[in-house]
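The residues making up each chain are set out below.
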Amino acid sequence: MSSHKDTAKQKCINPCCGSEFDCGQSLFKCPDCGDLLDIIYDWDRIEVPSSLSDFAKRWATKSNPLDFSGVWRFRDMVDFCDDKYKVTIGEGQTILQQNDDLAGVLGVNPGCLHLQYEGLNPSGSFKDNGMAAAFSHAKMVGVKSSACASTGNTAASMALYAHSCGMKCTVFIGEGRIAFGKLSQSMDYGGHTIQIRGDFDDCMKQVQSVCLQLGIYLVNSLNPFRLEGQKTIMLRIIEQFGWQVPDWIIAPGGNLGNSSAFGKMFSELKELGLIAKIPRLAVINATGASTLTDLFNGKGLRWNGGNVDEAIINDYYADLTAKNFSPHTCASAIEISRPVNMKKCLRALDICNGVVLAVTDEEILDAKAQIGKYGLGCEPASAATIAGLKHLLANGTIAADERVACVLTGYLLKDPDVTVNYHKNKQGAFSNPPVQVDNDLEQIIELIKE
Ligand code: F0G
C-alpha cells in the first residue's frame, strides 16, 4: 500500500512542462525541466467543507492535536498524507490583532488595521506552519536527515521539528548574517550548524547540492510541501475576520515563499467557491535586497500565464554577479537577492492584483518601534509591512477605510541587537533609551515624578 494519498500530486509550474509526480517522492525541483513544483489536489475526491465556517467545528475537538494545530485544523485544504504521518508541535496558535492605536497613528480608520502575529508560533516565526507540513512529508517518505539554508528562522524551526521527529538536521548560515536569537535557537535545539563564509544566496546554492549528493531532505521553501503549511496563515486570518477576507494582505518579501503560498491559497479558495473575492497582496522588500521590486516595478516582469521572461531575471542576476553584489539590510531575515520562489510570487501577484515596493532600513526600524509601542512587537523583517503600508497609504494605493492584515512574521526577541541599538543609540524618531541615574533615591524620584 502506498504511504501517500493519491488525492494530491506534485506538478511543475512551467506550462511548457507541467510534469506530474506523486507525493511519495522527495523533490525540490522538477526533474524534467528544473522549474518549481506545486502541490495540486484532486478536489473532486476531497471532502472540502461547503463553507469555511465549518472548520470552526474542530475547535470542539481540540484535544486531538491535529484539531488544535493551526495548520492541520484545515487539513482538508492540505490533503497530501495520512493522519499517521502528520507532525504537529502546536503551531499556528497565532492571533490577528485589531490595532486601532497604530491605525490612528498611520491615518487608517478604526477597525481597519490588523496585525497577524506569526511570531507567536513555537519557534517564534511563521516557519513552523511550513515545517509542520514539510516534516509530515519527510516522515511519509521515510527520510532520516534534513537540511536548510537560512537567515535564521528556517533553521530554528527546522531544528525544533527535526528533534521532535527524531531526525538529524544541518543548518547552513552565512557568517555574521543571522540574528543572535535565531542562532541561539538552532544551537539549543541541537541543529548541526555550518557557517559559510558567504551570504544566504551562497548557502542556498550549496545546500541544494549537498541535499542532492547526500540524499538529505531539503526544507527550504523550494520544497512545495512547506508552502502548503504556510498557506493556512491565510485561513486563520479569514477565520479571525469572521470567515471573511480582508481587502489587503501585506507581507515582507525575502525568499518569497509566503507570498507564493498566500496567492495559491486564495486561488484555491476561489476555485472551490469558498471565498467570493480575492484580497490584494502587497509584498515589501528592503531597499538593500530589492530584487523583486527591481524586476516587477523596474523591468515589468510578470507571471504572464506561466511564461515568465527568464532572460530578464538572468540578466539581472548576471549584473549582480558582475558587481559582486551582496544584499544588505538590518532586516537580516529578508537579506536575499536571488529569491528562489520568484516565479510563484509573480503568480501570486497576478492572482491577487498585487503590488510590490521596497522600504529603507530607517523606515523598517521606525515601523518596528511603532509596532512594539502599540502592539506586541516583532522582528525587523516583519516591520517592513507597516513601513510599506505607510507608502501605500501616502500614494493612495490603500485607502484609510480598507481592511488590511499585515503578517508579522517573527517575534521581537529574535533580533535583540537591532532593537537595543535602535533605542540605546537613539537611531530614530521612536527611540526610547534607558535613562541613567546615580544610585540615589532623590535623583530617582526626581526622574519619575510628573
Ligand atoms: N520574515 C521573516 C521573519 C523571515 O524569517 C523570512 C524568511 C521572511 C520574512 C521572508 O519570507 O522567504 O517567505 O519571503 N526567512 C528565511 C529563513 C529566508 O531562512 O529564515 P519569505
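Before any of the text, the structure's been laid out above.
Residues numbered from 1 in each chain as written. Predicted model: local features only at pLDDT ≥ 70, side-chain atom pairs only at ≥ 80, totals over all residues. Heavy atoms only, no water.

Draft legend 1. Seen up close, a nonpolar patch on the surface. Residues I95, L120, L376, Y411 and L413 make up a contiguous nonpolar surface patch of about 430 Å² in total accessible area. Considering the arrangement of structural elements, one finds L120 in the loop between strand 5 (113-117) and helix 3 (127-141). The class of L120 is partly exposed, set by a relative accessible area of 36%. (Patch = residues over 30% accessible without salt bridge, like charges linked within 9 Å, V, L, I, M, F, W, Y side chains within 5 Å. Areas by Shrake-Rupley, 256 points an atom, 1.4 Å probe, with all protein chains shown as cover. Salt bridge = Lys/Arg side-chain N within 4 Å of Asp/Glu carboxyl O. Helix = DSSP H or I, 4+ residues; strand = E, 2+ residues; numbered from the N terminus. Buried < 20%, exposed > 50% of the residue type's maximum accessible area, 1.4 Å probe, protein only.)

Draft legend 2. Just the side chain of K231, in detail. When you line up the elements, K231 lands in the loop between helix 7 (224-230) and helix 8 (232-240). What makes K231 buried here is its relative accessible area of 1%. Within polar-contact distance, the side chain of K231 engages the backbone oxygen of M77 at 2.8 Å. Of the polar contacts made by the side chain of K231, one reaches the side chain of E268; its length is 2.6 Å. (Polar contact = N/O pair within 3.5 Å; in protein donor to acceptor, adjacent residues only side chain to side chain.)

Draft legend 3. Layout of the site of the ligand. In the vicinity of the ligand lie 21 residues, with T151, N153, G254, N255 and T409 positioned nearest. Here a nitrogen atom of the ligand sits 2.9 Å away from a polar atom, N or O, in the side chain of K127. Residue L256 places a main-chain N or O atom 2.8 Å away from an oxygen atom belonging to the ligand. Taken by itself the ligand offers 480 Å² of open surface, and the protein chains cover 99% of this. Secondary structure elements with two or more residues in the shell around the ligand: helix 4 (153-165) and helix 9 (257-271). A class-by-class count of the residues in the shell around the ligand yields seven nonpolar, twelve polar and two charged. (Near = heavy atom within 4 Å. Nonpolar A, V, L, I, M, F, W, Y, C, P; charged D, E, K, R; others polar.)

Draft legend 4. Molecular detail of the sheet that holds strand 10 (residues 248-252). Taken in spatial order, the six strands line up as 4-5-13-10-11-12 in an open sheet, and their pairing is mixed. The sheet terminates laterally at strand 4 (95-98) and strand 12 (355-359), the two strands that pair on one side only. Taken over all neighbouring pairs, the strand axes of this sheet differ in orientation by 25 degrees on average, direction set aside. On top of the sheet, helix 9 reaches strand 10, strand 11 (280-286) and strand 13 (404-408); it is set at about 155 degrees to strand 10, its chief contact. (Pairing = 2+ DSSP bridges. Axes fitted to C-alpha atoms, helices over the stretch in contact; angles between N-to-C directions. Contact = heavy atoms within 4.5 Å.)

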